[in-house]
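Understanding the architecture of this molecule
Each chain, letter by letter, is given below.
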Amino acid sequence: MVDWQLVKEYFPDIAAKFPITLKMVIISISLGLLLGFIQAIIRINKVPVLNQLALVQISYIRCTPVITQLYVIYFGVPIILSNFGFDVGGINKEFYAILAYTLNQAVFLGENIRSSLQAVPKGQFDAGRSVGMTEAQTLLSIVTPQALYISLPMLGTFLVALFQGTALAYLVGVTDMMGKVKLLGAKTGHTLEGYIVCAIIFAVISIILEQVFRVLNNKLDFANKKAKTDDNTVLRAAGGNA
Amino acid sequence: MKTLRNTLAFISAAALLAASFTACGSSENSSSEAPSSSSESTVPESSSEAPKESEEESPVDEPEDTGSGDKRVVKIGIGKAYNPFCFLDDNEEPSGYDYETLKAIEPLLADKYDFEFYPDEFANILIGLDTNLYDVAVHHYGWTAERAEKYLYAEEGTMYFGNFVIGYDPSIDTLTDDPESAAGLTIATSKGSMAETLLTNYNDEHPDAQITVEYYEDAEVLASGIKSGLYDGFCASVYDLYVFNSKYGDLLVPSEFTLTSDEYNCGTYFIYSIGDDELKNDIDAAVVQIREDGTLKELSEKWLGGDYTINPNA
């Protein structure tokens, strides 16, 4: 049923589209982090108007599937832009996909960052203020690094989910890995082999990403490391005394 | 945190104010440009008006986008995975019968139009007409009453694919020349396709002899489904059935009855937004020209393996 020779033949063509997937993931997660951080600050400070707008956005993104968000952006943005006099014809389809994924990630990352920021003890903020730092300095230099550390495990999960979620971008005309499978399928009449190649690539990269985040988490696990050091110190001290 | 909150509130107020000014400005622009934007999707009163207005409309465009002189840029949404009609080749450039037909037409209309091609998924192309993303939808579209209500069909077909039949597994021996003998069969079709419309119509007209309609995503899934017995067959034009059998090894035979009659319009057409009659008429005239000079026949023989440019039901 499966033509393994075709799997071999498809592999280089489909793998060559990996940079497009990577580009969508990197840009979406980076912009999503930035927007998510802004959303978290707005939510924590309950900034008038923006807080309400953020709530609407959160509600919309949480309650709708990514595929509908993709279509709303793909068909809605050209209407809005053309009303502002932009020629939307030349816009690369990747733009729409990246915009949809960015807005999606911003909401989920934003809520994650918000809970992480709120998990940092308030005393840390007061400490920063007490040594003469401004609110922004305290937030960026003292509170945020701790919050990012807290949110790191979830960031890894979001990244892997986003990476896999980009497989839908072909629906708005992006020729990424899945898009290439469709093109090869149209040419040869065999798509199953292309899906197998995609499954292999997605699985391998997802496992690598998970491992990277696992290592990162272990490296940054300061609290437990300190505890271990303390134990060793105690043991050494105990041994020394004996 | 109060200072930070106040700063953010101030920034947001300023941003909203700026946005509202921009929106007001643009609404003034759009109201003054309303005739031009409608002239893009509908027919301009005179052909010389549209390009001038489109230039005003997009001040930030590169020169190629507005075309040279008074030319109108025609955005063509075309399929990217429908071999041999419209698909992306190995270099991911548009190719196929529909594409080359338009390329043959392009020089004939070069004084008036610049064609720009935007390969897209089948499901997105007609919606692209609704949202002004495209001016012409090209995906080897057959004629359906539902589409004709919503869009403007070309008058000139570029290919005639023959009547629609049910391609069925030859092990099924209950099918006769009576359409009602298809009752109880599970027939596959794709969403939004011509075949889906015909099957739906059939079920409406034969309440006591219903066909079970199932949907497939691509031809390979269909072939697997037929082999496994998931589907008894699929509804297709005579031409599509021939292509399917040549790819997957003569899995199906055509039914003796057809789902379309001899009066049936079995052509494939370019589709436009309602009101864009001038563009439609110009392209129609060019299609007639390339049909008469033999170009269309050559393209049909090159891509489809025979001359499908003559309407068998005419």
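Quantities reported herein were computed from a predicted structural model and do not represent experimental measurements.

Comments concerning the pairing of strand 12 (residues 233–237) of chain B
Residue and element names in this part refer to chain B. In terms of residue burial, strand 12 counts as a mostly covered element, since five of its five residues are buried. What you see with strand 12 is no split at all: Gly233, Cys235 and Ser237 on one side and Phe234 and Ala236 on the other are buried throughout. Across five bridges, the pairing between strand 9 (residues 164–168) and strand 12 is antiparallel. Its bridge partner lying in strand 12, Tyr168 is registered against Gly233. Bridge count for strand 10 (residues 186–189) against strand 12 is two bridges, and the pairing is parallel. Looking at strand 12, one finds that Ile187 is bridged to Gly233.

Remarks on helix 1 (residues 4–15) of chain A
All names here are of chain A. Between its first and last C-alpha atoms helix 1 spans 16 Å; for 12 residues at 1.5 Å apiece the expected length is 16 Å, and the two agree. When we look at burial in helix 1, the residues that qualify are Leu6, Val7, Tyr10 and Ile14. Angular distribution of buried residues about the axis of helix 1 spans 95 degrees; they occupy a single face of the element. Away from its buried face by more than 90 degrees, helix 1 exposes Lys8 and Pro12. A side-chain oxygen of the first residue of helix 1 lies 3.1 Å from the backbone nitrogen of Gln5; this N-cap is Asp3.

Some thoughts on a nonpolar patch on the surface
Residues and elements named next belong to chain A. Where nonpolar side chains cluster on the molecular surface, the patch consists of Phe11, Ile200, Val204, Ile208 and Val212 and spans about 400 Å² of accessible area. Looking at the secondary structure, you find Val204 in helix 9 (residues 192–219). On the basis of relative accessible area, Val204 is assigned to the partly exposed category, the value being 43%.

Some points on the sheet that holds strand 13 (residues 253–254) of chain B
One key point about sheets: their strands pair by backbone hydrogen bonds, in either a parallel or an antiparallel sense. Residue and element names in this part refer to chain B. In space, the five strands of this open sheet follow the order 11-10-12-9-13, with mixed pairing throughout. Of all the strands in the sheet, just strand 11 (212–215) and strand 13 have a single pairing partner and so form its edges. In the sheet, strand 9 pairs with strand 13 via two bridges, with the strands oriented antiparallel. Within strand 13, the residue paired with Tyr168 across the bridge is Val253. Here helix 9 (residues 238–248) sits on the sheet and contacts strand 9, strand 12 and strand 13; the angle it forms with strand 12, its principal contact strand, is near 125 degrees.

Quick look at the packing of aromatic side chains
Taken as a whole and assessed by the stated rule, the structure comprises 22 aromatic pairs over all chains. An angle of 90 degrees between the planes, with centres 5.8 Å apart, marks the rings of Tyr153(B) and Tyr269(B) as edge-to-face. Placement of Tyr153(B) in strand 7 (residues 152–153) and of Tyr269(B) in strand 14 (residues 267–272) is noted, with a sequence separation of 116 residues between them. Take Tyr153(B): its relative accessible area is 8%, and that puts it in the buried class. Aromatic rings pair up to connect Tyr71(A), Tyr74(A), Phe75(A), Phe95(A) and Tyr96(A) into one cluster.

Structural notes on the sheet that holds strand 3 (residues 86–88) of chain B
All names here are of chain B. Spatial ordering of the open sheet is given by 2-3-4, a layout of three strands whose pairing is antiparallel. One side of each edge strand has no neighbouring strand; the edge strands of this open sheet are strand 2 (81–82) and strand 4 (94–95). Here two bridges tie strand 3 to strand 4, and the two strands are oriented antiparallel to one another. Within the sheet, the bridge partner assigned to Phe87 lies in strand 4 and is Ser95.

Description of unusual backbone geometry
Going from Asn83(B) to Pro84(B), the amide bond is cis rather than trans, its omega being 5 degrees. By the element assignment, Pro84(B) lies in the loop between strand 2 and strand 3. Phi is positive for Val49(A), which is not a glycine, with a value near 65 degrees. Mapped onto the secondary structure, Val49(A) falls in the loop between helix 2 (18–45) and helix 3 (50–63).

Brief notes about helix 11 (residues 295–304) of chain B
Working note: α-helix, 3.6 residues per turn, so residues spaced by three or four point in the same direction. Residue and element names in this part refer to chain B. Those residues of helix 11 that fall on the buried side of the exposure criterion are Leu296, Leu299, Ser300, Trp303 and Leu304. Along the long axis of helix 11, the arc covered by the buried residues comes to 100 degrees, so they all point the same way. Opposite the buried face of helix 11, by more than 90 degrees, sit the exposed residues Glu298 and Lys302. Backbone geometry just after helix 11 places Gly305 at a positive phi near 80 degrees.

Focus on the nonpolar core
All names here are of chain B. Formed by 111 residues in total, the largest nonpolar core has its most connected members in Phe115, Phe270 and Ile283. Here this core gathers at least three residues from each of two domains, domain 1 (69–160 + 266–304) and domain 2 (164–254). Ignoring sequence-local partners within four residues, the contact set of Phe270 consists of Thr101, Leu102, Ile105, Val136, Ala137, Val138, Leu152, Tyr153, Ala154, Thr158, Ile283 and Val287. Counting residues in hydrophobic clusters, the runner-up holds 14 residues, among them Val165, Phe234, Tyr248 and Leu251.

Thoughts on the pairing of strand 1 (residues 72–79) of chain B
All names here are of chain B. For strand 1, the buried fraction is high: eight of the eight residues fall into the buried class. Residues Arg72, Val74, Ile76 and Ile78 point to one face of strand 1 and Val73, Lys75, Gly77 and Gly79 to the other, with burial holding for every one of them. Where strand 1 lies against strand 5 (residues 113–120), eight bridges are found, and the strand directions are parallel. Looking at strand 5, one finds that Gly77 is bridged to Tyr118. When strand 1 meets strand 6 (residues 136–142), the two strands line up parallel, connected through three bridges. Of the residues in strand 6, the one forming a bridge with Ile78 is Val138.

Quick notes on the pattern of salt bridges
Enumeration over the complete set of coordinates arrives at 19 salt bridges over all chains. Its salt-bridge partner being Arg114(A), residue Glu111(A) comes within 3.0 Å of it at the nearest N-O pair. Of this pair, Glu111(A) and Arg114(A) both sit in helix 5 (residues 93–119), separated by three residues, roughly a single helical turn. For Glu111(A), a relative accessible area of 9% translates into the label buried. Its salt-bridge partner being Lys103(B), residue Glu106(B) comes within 2.8 Å of it at the nearest N-O pair.

With respect to the packing of helix 8 (residues 177–188) of chain A against helix 9 of chain A
All names here are of chain A. Where helix 8 contacts helix 9, the axes come no closer than 9 Å and their chain directions differ by 165 degrees. By the angle between their axes, helix 8 is roughly antiparallel relative to helix 9. Where helix 8 crosses over helix 9, the two elements pack in a sense that is right-handed. From helix 8, Met177, Met178, Val181 and Lys182 reach across to helix 9, where they touch Gly194, Tyr195, Cys198, Ile201 and Phe202. A class-by-class count of the residues in the contact of helix 8 with helix 9 yields seven nonpolar, one polar and one charged.

Parameters at a glance
Chains are numbered independently. Their residues run from 1 in the order of the written sequence. As they are written, the chains are lettered A onward and the ligands numbered 1 onward, keeping that order. Where local features are concerned, this predicted model is filtered to residues with pLDDT of at least 70; where side-chain atom pairs are given and counted, the filter is 80 or more; whole-chain, interface and lining totals use all residues. The basis for every side-chain value is the complete set of heavy atoms in the structure, and neither hydrogens nor water enter the calculation. Buried means the residue's accessible area, taken with a 1.4 Å probe over protein chains only, is under 20% of the maximum for its type, while exposed means over 50%, and partly exposed covers the values in between. Secondary structure elements follow DSSP: runs of H or I no shorter than four residues count as helices, runs of E no shorter than two count as strands, and numbering proceeds from the N terminus. If DSSP finds at least two bridges between two strands, the strands pair. For a helix, the expected span equals 1.5 Å multiplied by the residue count minus one. The arc refers to the directions leading from the helix axis to the C-beta atoms. Polar contacts, as used here, are pairs of N or O atoms within 3.5 Å; protein pairs need one atom able to donate a hydrogen and one able to accept it. Residues neighboring in sequence count only if both atoms are side-chain atoms. Here a patch means residues that are over 30% exposed by relative accessible area and free of salt bridges, tied together within 9 Å if like-charged and within 5 Å if nonpolar (Val, Leu, Ile, Met, Phe, Trp, Tyr). Methods summary: accessible areas were calculated by the Shrake-Rupley approach with a probe of 1.4 Å, and residue burial reflects only the protein chains presented. When a carboxyl oxygen of Asp or Glu lies within 4 Å of a side-chain nitrogen of Lys or Arg, that pair is called a salt bridge. The contact criterion used throughout is that any non-hydrogen atoms of two residues lie within 4.5 Å. Simply put, an axis is a line fit to the C-alpha atoms, just over the touching stretch for a helix, and the angle between two N-to-C directions goes from 0 to 180 degrees. Only rings of Phe, Tyr and Trp enter the pairing, Trp through its six-membered ring, and a pair is recorded when the two centres are within 6.5 Å. The plane angle decides the type: under 30 degrees is stacked, over 60 is edge-to-face, the rest tilted. By nonpolar core is meant a set of buried Ala, Val, Leu, Ile, Met, Phe, Trp, Tyr and Cys residues that side-chain atoms within 4.5 Å join together. Those domain boundaries reflect an automatic or database domain assignment. Between 65 and 115 degrees an angle is taken as roughly perpendicular, under 35 as roughly parallel, over 145 as roughly antiparallel, and anywhere else as oblique. Crossings are assigned a handedness: left-handed for a near helix turned anticlockwise from the far helix by less than a right angle, right-handed for a clockwise turn. Any residue outside Ala, Val, Leu, Ile, Met, Phe, Trp, Tyr, Cys, Pro, Asp, Glu, Lys and Arg is labelled polar, Gly included; the first ten of those are nonpolar and the last four are charged.

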